[in-house]
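In case you want the letters, here they are:
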Amino acid sequence: MRFLFLIFLLFSSGQLFAKTTWIPIYMDEITTFIPYIPNYKYPEPSSVVIETIDDVKYMKWEHVIHASKYLVQGKDVNGNWVDVLITEDNSVTIDARFDKYYQLRVVACNFNTCSDTGLFSQGYSHRESVIFIHTDMLGTPVLETDVNGKLF
C-alpha cells in the first residue's frame, strides 16, 4: 500500500505553482521525508506568455512536473543571460527590476539547485515590439521581423 501511495505522490500534478514532491522513508517507528530529485533534466516550461492585465505585465507558464521552483533570467544589453529571481509560482510580475532586460526566459529547478537542471524556455520580449526592416542592396524593403525573428 505504501508503494501505491508513493507512486501516486510522484506522478500527481496539476499544481498552479511549483511543488516539491516528497518521498516518505519508513524505518520502524520513524518516518523521514526527502525531496524527490529526478535523475533527468526537466523539459522546458511550456505555454510561456507575457500578458497585460489592468496595466500590469505578467509572465506565465505551465507547471513542470516535480519542479520545486523556477529561475527567471533576463537578457542584458551585452546579450548575456542574467539570473533575476527564483520563484515557486508559475508566474512573475514584470516590474521595475526587469526594465534593464530585453528578453526573459525561465527554467525549472529541483529542490537543491537551479544549476543545469533543465532546458530553458525560449526568450520572450516584454518591451514594446521593435520591427526590423531588412532591405536589399538598393534599400528596397524585402522582409520585416521582430526581435525573436518572427516574420510579419
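Residues numbered from 1 in each chain as written. Predicted model: local features only at pLDDT ≥ 70, side-chain atom pairs only at ≥ 80, totals over all residues. Heavy atoms only, no water.

Across its full length, the chain carries one helix and 11 strands. In the chain, the order of α-helices and β-strands from amino to carboxyl end is α-β-β-β-β-β-β-β-β-β-β-β. Expressed as a percentage of the 152 residues in the chain, the buried residues total 31%. Once local pairs closer than 6 in sequence are excluded, the contacts in the chain between residues at least 24 apart make up 49%. Carbon together with sulfur atoms contributes 56% to the accessible area of the chain, which is approximately 10,100 Å² in total. (Helix = DSSP H or I, 4+ residues; strand = E, 2+ residues; numbered from the N terminus. Buried < 20%, exposed > 50% of the residue type's maximum accessible area, 1.4 Å probe, protein only. Contact = heavy atoms within 4.5 Å. Areas by Shrake-Rupley, 256 points an atom, 1.4 Å probe, with all protein chains shown as cover.)

A separate point is the environment of G149. Inspection of the secondary structure assignment puts G149 in the segment after strand 11 (141–145). Taking the C-alpha atoms as reference points, G149 and F132, 17 residues apart in sequence, are found 8.9 Å from one another.

Now for the state of the cysteines. One pass over the structure, following the stated rule, counts one disulfide. Put simply, C109 and C114 are joined by a disulfide, and their sulfur atoms are 2.0 Å apart. A torsion of 110° about the S-S bond marks the disulfide between C109 and C114 as right-handed. The two residues C109 and C114 agree in class, both being buried. (Disulfide = S-S within 2.5 Å.)

On to the pairing of strand 3 (residues 49–53). Across five bridges, the pairing between strand 3 and strand 4 (residues 56–60) is antiparallel. Its bridge partner lying in strand 4, V49 is registered against K60. The hairpin turn running from strand 3 into strand 4, its antiparallel successor, is two residues long, and D54 in that turn takes a positive phi close to 50°. (Pairing = 2+ DSSP bridges.)

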